Amino acid sequence: MVKYFFNEMDIKSTWDHVTSAFWQRYPNPFSTHVLTEDVVFREVTPDNRLHTRRLLTKTNRLPWWAERFFPGNLSRSVYILEDSIVDPLNKSLITFTWNLNHTKLMTVQERCVFQESEERPHCTQLKREAWISSGVYGFSRPIQEFGLARFKSNQAKAMKGLEYALANIHGDAPHWHLRDSVKDASEKAKEAAMAATEKAKNLASAATPQKPKQYV
Amino acid sequence: MVKMNSVGEGCTELKREYDQCFNRWFAEKFLKGDRDGDPCTEMFKQYQTCVQKAIKEKDIPVDGVEFMGPNKVKTDG
């Protein structure tokens, strides 16, 4: 059984802005788990699409009960490939991201489509899907559950990071909202509560301007 | 502004120079349909020489992985 995740949201920035910010989203205050970032392949195809492969290194935080599946001599970093296709004519950016190592423990594959909104050209629609699986005999279920929970929290951070980049590069006011989701109501309520907490934190940090901003 | 590091410790400067060149080209030329050559080609070559060497040294298994790799079916759909 593979865990599946899907959500859809509107980003209130033009597709050009979002796509430019996509390349410049690291580092940001929400991406402390991303250690390195490299372009390892790039070409413009004859039909004018930009193909890019990026290699990212991320930390691999595990719950204590999963440590036993991790031989101590293995590298703890996770290598991630992020392939993408930018189509400037159709205003779409498709990304596919997956981990290269530790794949027996867990594989996370994510597909994102950033598309100019048909109804509102100043907005960008983002559809995000992910597939999470584990090959650890007898423990694949809890590992996948953990992987899904971590993915959810990381994708929320990814949105904040993208917003951060949008605000930095284009001065776009940070704003996005979840349009549709397969999540159940209780999870939505939890997320709303988390968002409220985050908002309160932001307000609190905004109220202490003497603190220097770490990433600016 | 803090910048990202390259996976190759010695490649970070080359990466940052290239990224800067690319970001300008992407926003000002590519997205606007301007196909008058890519000013970043030489920087990209130098950066790639460095980073590909680091990938080999660190044994990162990127060789032979198809573009959009495990996604083949999903992209078509």
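Data block above holds the structure.
Conventions adopted
Residues numbered from 1 in each chain as written. Chains lettered and ligands numbered in written order. Predicted model: local features only at pLDDT ≥ 70, side-chain atom pairs only at ≥ 80, totals over all residues. Heavy atoms only, no water. Disulfide = S-S within 2.5 Å. Helix = DSSP H or I, 4+ residues; strand = E, 2+ residues; numbered from the N terminus. Buried < 20%, exposed > 50% of the residue type's maximum accessible area, 1.4 Å probe, protein only. Contact = heavy atoms within 4.5 Å. Phe/Tyr/Trp six-rings, centres within 6.5 Å; stacked < 30°, edge-to-face > 60°. Lys NZ or Arg CZ within 6 Å of the ring centre and 35° of its normal.

Enquirer: Where do I start with the state of the cysteines in this structure?
Expert: What is meant by a disulfide is a covalent connection between two cysteines, made through their sulfur atoms. Residues and elements named next belong to chain B. Inspection of every chain in the model, using the stated rule, returns two disulfides over all chains. Here Cys-11 connects covalently by a disulfide to Cys-50, the sulfurs 2.2 Å from one another. Here the S-S torsion is close to -85°, and the disulfide linking Cys-11 with Cys-50 is therefore left-handed. You can see Cys-11 sitting in the segment before helix 1 (12-28) and its partner Cys-50 sitting in helix 2 (residues 41-57), a full 39 residues away along the chain. Comparing Cys-11 with Cys-50, the two get one shared label, buried. There is a disulfide in this structure between Cys-21 and Cys-40, and the S-S distance comes to 2.2 Å. Here the disulfide of Cys-21 and Cys-40 is left-handed, its torsion about the S-S bond being about -90°. One end of the pair, Cys-21, is in helix 1; the other, Cys-40, is in the loop between helix 1 and helix 2, with 19 residues separating them in the sequence. Taking only the cysteines that form disulfides and numbering them from first to last, chain B has the pattern 1-4, 2-3.

Enquirer: Where do I start with unusual backbone geometry in this structure?
Expert: Excluding glycine, a negative phi dihedral is what most residues carry, and trans is how most peptide bonds are arranged. All names here are of chain A. Each neighbour pair has its own omega, and for Tyr-26 with Pro-27 the value is -5°, a cis peptide bond. One can find Pro-27 in the loop between helix 1 (15-23) and strand 2 (34-44). For Asn-48, which is not a glycine, the phi torsion comes out positive at approximately 65°. Assessed through its relative accessible area of 30%, Asn-48 is described here as partly exposed.

Enquirer: I would appreciate a short explanation of the side chain of Ser84(A) in the present structure.
Expert: Mapped onto the elements, Ser84(A) comes out in strand 4 (residues 78-87). Residue contacts for Ser84(A): discarding those within four places in its chain leaves Trp23(A), Leu50(A), His51(A), Thr52(A), Leu93(A), Ile94(A), Thr95(A), Phe67(B) and Met68(B).

Enquirer: Explain the packing of aromatic side chains here, please?
Expert: Geometrically, a pair of aromatic rings is defined through the distance of the ring centres and the angle of the planes. Applying the stated criterion across every chain yields a total of 15 aromatic pairs over all chains. Centre to centre, the rings of Phe5(A) and Phe151(A) are 5.1 Å apart; their planes meet at 70°, and the pair counts as edge-to-face. Of this pair, Phe5(A) sits in strand 1 (residues 3-11) while Phe151(A) sits in helix 2 (residues 140-170), and the two are 146 residues apart along the sequence. The class for Phe5(A) is buried, based on a relative accessible area of 3%. Three or more aromatic residues joined by ring pairs form one cluster here, namely Phe22(A), Trp23(A), Phe114(A), Tyr18(B), Phe22(B), Trp25(B), Phe26(B), Phe30(B), Phe44(B) and Tyr47(B). One Lys or Arg, Arg42(A), reaches over the ring of Phe22(B) and ends 3.4 Å from the middle of that ring.

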